[in-house]
Every structure is written in C-alpha cells, then in structure tokens.
Amino acid sequence: MLKMGFRWFGAQDDPITLSQIRQIPGTTQVVGALYDVPVGEVWPLEKIQALKKQVTDASLSLEVIESVNIHDDIKIGKPSRDRYIENYQQTIRNLAKCGIKVICYNFMPIFDWIRTDLAYPLPDGSTVMRFEHQQVEKSPEEMIATVQNNANGFELPGWEPERLARVQRLFTDYRDVDAAKLRANLKYFLDAIIPVCEECDVKMAMHPDDPPMSLFGLPRIYKNRDDMQQILAMHDSPYNGLTICTGSLGENPANDLPAIIREFVSRDRVPFMHVRNIKFTNEQGDFHESAHLSREGSLDMVAIMQALHEKHFDGYIRPDHGRNIWGETGRPGYGLYDRALGIAYLNGIWETLDHEK
Ligand SMILES: [Mn+2]
C-alpha cells in the first residue's frame, strides 16, 4: 500500500479543507508545515501539536513535513549558522515528539523553485505553471515581479515577500558560494543534524533543485544521479535521504527517472516521492506542467510507478503540482481537483501493478 499524501497549507492559508482531502480515495496522509514560524527559528512544540490534532481529528495522519526551510546563513556558511543549526536540531526533536517520520527540505540558494509563468493557459482552458529559459535571462527582480503578479494573490512557498525584498543582498552574500562550497556547507549541516535524526527516528529527505540547473549564476547541487550519490556519501546514514521529485528531475530530459528510482529506492534512501508530469514544448527544454496522465506530458508515469513497485517502495508519496481546472481559483499548482485526479491515476496504476504480480 502506498502511503499517499496531499500537501496542505493549513487552515489559515489553504482554501482546501481537510474533509475534502479525506474524501480523495486512497489518501491517508497530510503533508504539512507551520507557515508562521520565521525561517531559522525553532518550531514550537505546541504549534506542531495543534497542527497534528487538526489533522488527526479529520481522520488523517501527519507524518511528513514539507518543508522545514533552511536559513540562508547555513547555506552560505556564515558563523551564525551554528545557532540556526541548533534551532533545526530542536525543531527535529519537537517534530519527533509529534510522530513526524520524514522532513522534506531543499538546499537551493535564494529561490525555492522557479517558474516564469504561474497561470499559463492550455488549449483545454486549464492553467498551469510554465518555465521558459528566455525569461530567466532577465534580471532576478524582473522575473520575480512577473511571477508575483501572476500568483492569484497567494503567497507561494519559498517566495515569502520579506525574503524576496532582500534578494539583492542575498545575491551579494552568495557571491563566493560555488557548488563546492555549497556542498561543503550541506555536509556541515548534515553532520550536525543526522545524529539527532538517528536518535529521534526522523528521516531527512532532500528535494531536488527545481529546475535542475544553475540559474542567475547560483550553484545547484541536486540535479541528477551523480549529485544524489554525492549527497548520500556526505553522511552515510539511512536517515540522510532524498525526495525524488519526478517533475523536478524530469525537467532535464537526460535524467533517466526509472533508473534513478530503482537505484536509490533499492538502497532504501528514498523516504518520500513527489510524482508529477511535465511537458516539453521545444528543443530548448522549455516546459509547462501538465495533468499527471502520461500522454498529457512528456514523462512515462507507468514506467515511474513500475520502478517504485518493482523495488517495493513503501515510503510516503504525493502527487505534485497539478493544473488549475474547473474554475478553481486556488494557489498555482496546488488546487484540489487536478491533484485529486492525480492521486486517482497513480493509485490506479499501482493497483494494476499489484494485480499483475
Ligand atoms: Mn516536488
């Protein structure tokens, strides 16, 4: 059985309710987070307990957190990082007390993920997020302005306005951080937190860089199979794990997703999967997101699920960004309907694979 989950942004910020999530067939997990704790501060136990209670009162489980974001000082390697790492350790302990098993995080400088259009219309009238290489040739500020004007009034995860206001200063801070330095800073972080994870039985699951390529001169260190190997080797423990996001890694057509899944799932280092499709629109690798169904995009979703099935994947999984459809005015990529359709589809593939066995 897949431990199927649905990302939820909390009662304050998400127009989708827990009772709606509860009604999606085969969905038992909520993938949640606290959104009102500033990056770098300790997540208070009472607040996590309150979130946990909301979710369990709705007959759902909360075992995966996405994300506990990492303060830029840790990624840059400033002396102040030690204080933020101590806070992170305490957050892990507090989450463990509430039964959290997996923490998804990313190690991307400045930008959490980048799209150049958040509501690109498809011929069927739905809207999706899109990425055009030409757009990122602009200045970061111009790109941010484009993206924010198009977010339907929602604040996007990792794109907090107060953080983006400091974007110019962040670029200066990251000036001397190349890929080698960023890797060294990740290792420093992992060496400090993985022993706490082992003690608390909480697995870390790093999310790939999205898109998996360097933009605006910023380094990217989780782009492909070799990067994954390096991250795992930095601190060899089953608690130092990876999120495989088929959309993010799939944005580079050179990434062989079924092979990557087979390799790292059989090593038991993939506690969390994000499964979504994307569609390439030209030779330059511009793409837009799509419905999960294989023929709506460029990825072979059956081959992806087959690889997971073959390696007896028993971790947590969720559909990822969907289209905005049926008149829903939700957060770009995170509407109810298309992600629910995604779950039905992924569960259908899985059930078929179970039967064939
Ligand atoms: Mn993802």
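Preceding block: the structure.
All values reported here derive from a predicted model rather than from experimental measurement.

Take the overall build of the protein chain next. Counting secondary structure elements, the protein chain contains 13 helices and 12 strands. A compact globule built from 357 residues would reach a C-alpha radius of gyration of about 21 Å, and the protein chain, at 19 Å, matches this within 12%. Once the C-alpha set of the protein chain is aligned to its principal axes, its extents read approximately 50 × 45 × 40 Å. At a minimum sequence separation of 6, the contacts of the protein chain that also span at least 24 residues come to 72%.

In this model, Glu66 is joined to Ser67 through a cis peptide bond whose omega is -5°. Of note, Ser67 is situated in the loop between strand 3 (61-66) and helix 3 (72-76). With a phi close to 60°, Ser59 is a non-glycine residue in the positive phi region. As for its position among the elements, Ser59 is in the loop between helix 2 (45-57) and strand 3. Taking the number of C-beta atoms within 10 Å as the measure of exposure, Ser59 has 10 and is therefore exposed. Unlike most non-glycine residues, His312 shows phi in positive territory, near 55°. By secondary structure assignment, the location of His312 is in the loop between helix 12 (301-310) and strand 12 (316-319). You can call His312 exposed: it has 9 C-beta atoms within 10 Å.

Let us look at the pairing of strand 5 (residues 117-121). By the bridge criterion, three bridges tie strand 5 to strand 6 (residues 127-131) in an arrangement that is antiparallel. Pairing of Pro121 across the sheet is with Thr127, part of strand 6. Between the end of strand 5 and the start of strand 6, which pair antiparallel, lie five residues, with Gly125 showing a positive phi angle near 90°.

This next bit is on the packing of helix 11 (residues 257-266) against helix 12. Packing of helix 11 against helix 12 brings their axes to within 9 Å, and their N-to-C directions diverge by 15°. One finds that helix 11 runs roughly parallel with respect to helix 12. Taken as a pair, helix 11 and helix 12 cross one another with a handedness that is right-handed. Contacts between helix 11 and helix 12 involve Leu257, Pro258, Ile261, Arg262 and Val265 from the former and Ala303, Ile304, Gln306, Ala307, Leu308 and Glu310 from the latter. When its residues are assigned to classes, the contact of helix 11 with helix 12 shows eight nonpolar, one polar and two charged.

With 13 residues, helix 2 ought to run about 18 Å at 1.5 Å a step, and its terminal C-alpha atoms sit 18 Å apart, in line with that. Listing the buried residues of helix 2 in full gives Ile48, Leu51, Lys52 and Val55. In an axial view of helix 2, the angular spread of the buried residues amounts to 100°, which keeps them on one side of the axis. Every exposed residue of helix 2 that faces more than 90 degrees away from the buried side is listed here: Glu46, Lys53 and Asp57. The inward-facing, buried residues of helix 2 abut helix 1 (18-22), strand 2 (29-32), strand 3 and helix 4 (81-97). Two residues or fewer after helix 2 comes Ser59, characterised by a positive phi angle close to 60°.

A few words now on the environment of Arg323. Within the fold, Arg323 resides in the loop between strand 12 and helix 13 (337-356). Taking the number of C-beta atoms within 10 Å as the measure of exposure, Arg323 has 28 and is therefore buried. Sequence spacing of Arg323 and Leu34 is 289 residues, and the spatial spacing of their C-alpha atoms is 25 Å.

What follows is about the sheet that holds strand 10 (residues 278-280). Here we have four strands laid out as an open sheet, ordered 5-6-11-10, and antiparallel in their pairing. At either end of the open sheet lies a strand with only one pairing partner, and these are strand 5 and strand 10. Within the sheet, the average angular offset between the axes of one strand and its neighbour, ignoring direction, is 40°. Sheet analysis places strand 10 next to strand 11 (residues 287-289), joined by three bridges and oriented antiparallel.

Basis of the calculations
In this numbering scheme, every chain counts its residues from 1 along its sequence in written order. Only residues with pLDDT of at least 70 get local features here, since the model is predicted, and only at 80 or more are side-chain atom pairs given and counted; chain-wide, interface and lining totals rely on the full set of residues. Helix and strand definitions follow DSSP, with helices as H or I runs of at least four residues and strands as E runs of at least two, each counted in order from the N terminus. A radius of gyration in this sense is built from C-alpha atoms; the matching globule rule multiplies 2.2 Å by the number of residues raised to 0.38. Two residues qualify as being in contact provided that their C-beta atoms, derived from the backbone, are within 7 Å of each other. Buried residues are those with 20 or more other C-beta atoms within 10 Å of their own C-beta, exposed residues have 12 or fewer, and partly exposed residues lie in between; C-beta atoms are placed from the backbone. Only strands that DSSP links by at least two bridges are regarded as paired with each other. Inter-axis angles, ranging from 0 to 180 degrees, are taken between N-to-C directions of lines fitted to C-alpha atoms, where helices are fitted over the stretch in contact. Angular relationships are summarised with four words: roughly parallel below 35 degrees, roughly antiparallel beyond 145, roughly perpendicular across 65 to 115, and oblique for the angles in between. Less than a right angle of anticlockwise turn of the near helix away from the far helix marks a crossing as left-handed, whereas a clockwise turn marks it as right-handed. For this classification, Asp, Glu, Lys and Arg are treated as charged, while Ala, Val, Leu, Ile, Met, Phe, Trp, Tyr, Cys and Pro are nonpolar and the rest, including Gly, are polar. To estimate the expected span of a helix, subtract one from its residue number and multiply by 1.5 Å. In this description, the arc belongs to the directions extending from the helix axis to the C-beta atoms.

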